[in-house]
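Chain by chain, the residues run as shown.
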Amino acid sequence: MSQSQPSPGSGPRLPVLYVDAEVVEFVSTDTSGETHVASRAVEGQGTIACIVALGQLLASLPRRPRACVVALGPTFVRHRLLTLPSLNRRESKAVLQRRAAQVAECDVADVAFTAIGFGVQDSEVKGGASEERWLVAASKRSELRELCVELERLGVRLRRVVSAHLSAIVAGQNLRGDRAKAAIVVSASRRTSSVAVLQGDTLHGENVLEGDVRTQPALAMSIVQEIKSNDAAWRKAHRGGAIEEVVLIGLPPERAPLFQTAVQAALPGAHVILADGRHVESAPATIDAGRLRMLEACREEGPLQLDVKPTLPWQPRKLVTSLACVAVVLGTVGLVEYKSLRRRERAEMLALQELRTRAGDLEVLRDANTRIEHKAAALEELVVRNDAVLQ
């Protein structure tokens, strides 16, 4: 059974800024539901060229976004499924860091990575030694920080920094009808197409095919064959259990229906879901409905969405503002404390005055008692003399 799944709702959503070595792209939806799309080719190579293109793109927008999701292409972030021996937390982190550096192709000291574990799989326990599966997203820390710092300097607040590639898998996962079933998510990016196998919230496997289905129509048949191979492998590993859902996302609109039909013919028992994109008249020619759907996917959230945003240094303006806020807070606290101390001082002074008054009263009473004692003594002497005379 085939089904088309509409694009996300038309309400205002967080803008997306896509960055890769060849192009930077932007998509936002305003409060009226209108979608705005823009792109800028990157001229030159390296992070600096991307930053220049980003500045030009943001300057061309009618309204610069205050905050956005930054989606990184494979130039800046890569992900990989890893299988590691079951280790304690510290050992796992050290091994993951080394493997992440290999994924990002950089030194261990320069790698920034985020990972989630899928636990020990029954099929991976061999000879009593258990193994654990991990999904790792890795970047070169120096490049990532430079890019994010410049975006912040341009006035863009980064809500999340994600992998555009992983975001497509997350979007496909969110379109599934029953996550307990085994499923395949096919996503078509600019330079590659991904065929990912999922069950529940676990990514069991992924194969990436090089090429763009927009410019290489023959690639579609390779993707269909990959889907069939994954279904056969799943049946073999799970005692006849089959792939029951297939989600297609990012396909060019003119080829998507035919591709959906071909997938349905390859897996007759599967539920095939086509994530339709929306056509935007004002969008550049390089961003068709399928590409727009991939950009919108970067807003998606889910267990497989890994945020790779680095820790950024304080910006001067932010530092001044923060110091001013601290000064105000400390000044307010100091004023309150001063007033409190003054109140306590006045209370202590009143108490001291009262004690002094009472002390004065006690002194007068003591003098009176002394005089009475003297008179009592004189009276006693008089009584004694009178008794002597009477005798």
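The shown structure was predicted, so the numbers you read here are calculated from the model rather than taken from an experiment.

Peer 1: Please set out the pairing of strand 10 (residues 182–188) residue by residue, giving values where relevant.
Peer 2: Among the seven residues that make up strand 10, seven are buried, leaving the element largely enclosed by the rest of the structure. What sits between the antiparallel neighbours strand 10 and strand 11 (residues 192–199) is a turn of three residues. The sheet contact formed by strand 10 and strand 13 (residues 245–249) spans five bridges and is parallel. Pairing of Ala183 across the sheet is with Glu245, part of strand 13.

Peer 1: Describe the sheet that holds strand 7 (residues 111–120), and please don't skip the residues or the numbers.
Peer 2: A sheet is described by the order of its strands in space; here three strands give the open sequence 6-8-7, paired in antiparallel fashion. In this open sheet, the two strands that pair with only one neighbour each are strand 6 (78–85) and strand 7. The average angle at which neighbouring strand axes cross in this sheet is 25°, direction not considered. Of the pairings in the sheet, the one linking strand 7 to strand 8 (residues 131–140) comprises nine bridges and is antiparallel in character.

Peer 1: Describe the packing of helix 5 (residues 219–237) against helix 6 (residues 256–266), and please don't skip the residues or the numbers.
Peer 2: Close contact between helix 5 and helix 6 brings their axes to 10 Å; oriented N to C, the two are set at 30°. The orientation of helix 5 relative to helix 6 falls into the category roughly parallel. Once helix 5 is placed against helix 6, the crossing between them reads as right-handed. Residues Ala220, Ile223, Val224, Ile227 and Lys228 of helix 5 form the contact with helix 6, whose own contacting residues are Phe259, Ala262, Val263 and Ala266. In terms of residue class, the contact of helix 5 with helix 6 is built from eight nonpolar, no polar and one charged.

Peer 1: An account of the nonpolar core is requested, with residue identities and associated values reported.
Peer 2: By size, the foremost hydrophobic cluster in this structure holds 49 residues, and its most contacted members are Val19, Val70, Leu72, Val161 and Leu304. Per element, the largest residue contribution to this core is seven residues, and it comes from helix 1 (residues 47–60). Apart from residues no more than four positions distant in its own chain, Val19 is found in contact with Val24, Cys50, Leu54, Val70, Ala71, Leu72, Gly73, Phe76 and Leu147. Core analysis: the next-biggest nonpolar cluster, separate from the first, contains 25 residues, Ala188, Val213, Leu267 and Val272 among them.

Peer 1: Residue-level account of the packing of aromatic side chains, with values.
Peer 2: Applying the stated criterion across every chain yields a total of zero aromatic pairs. Over the aromatic face of Tyr18 sits the side chain of Arg291, whose NZ or CZ is 4.6 Å from the ring centroid.

Rules used throughout
- Residues numbered from 1 in each chain as written.
- Predicted model: local features only at pLDDT ≥ 70, side-chain atom pairs only at ≥ 80, totals over all residues.
- Heavy atoms only, no water.
- Buried < 20%, exposed > 50% of the residue type's maximum accessible area, 1.4 Å probe, protein only.
- Helix = DSSP H or I, 4+ residues; strand = E, 2+ residues; numbered from the N terminus.
- Pairing = 2+ DSSP bridges.
- Axes fitted to C-alpha atoms, helices over the stretch in contact; angles between N-to-C directions.
- Parallel < 35°, antiparallel > 145°, perpendicular 65-115°, else oblique.
- Left-handed = near helix turned anticlockwise from the far one by under 90°.
- Contact = heavy atoms within 4.5 Å.
- Nonpolar A, V, L, I, M, F, W, Y, C, P; charged D, E, K, R; others polar.
- Core = buried A, V, L, I, M, F, W, Y, C linked by side-chain atoms within 4.5 Å.
- Phe/Tyr/Trp six-rings, centres within 6.5 Å; stacked < 30°, edge-to-face > 60°.
- Lys NZ or Arg CZ within 6 Å of the ring centre and 35° of its normal.

Remember, this is a structural readout, not a statement about activity or role.
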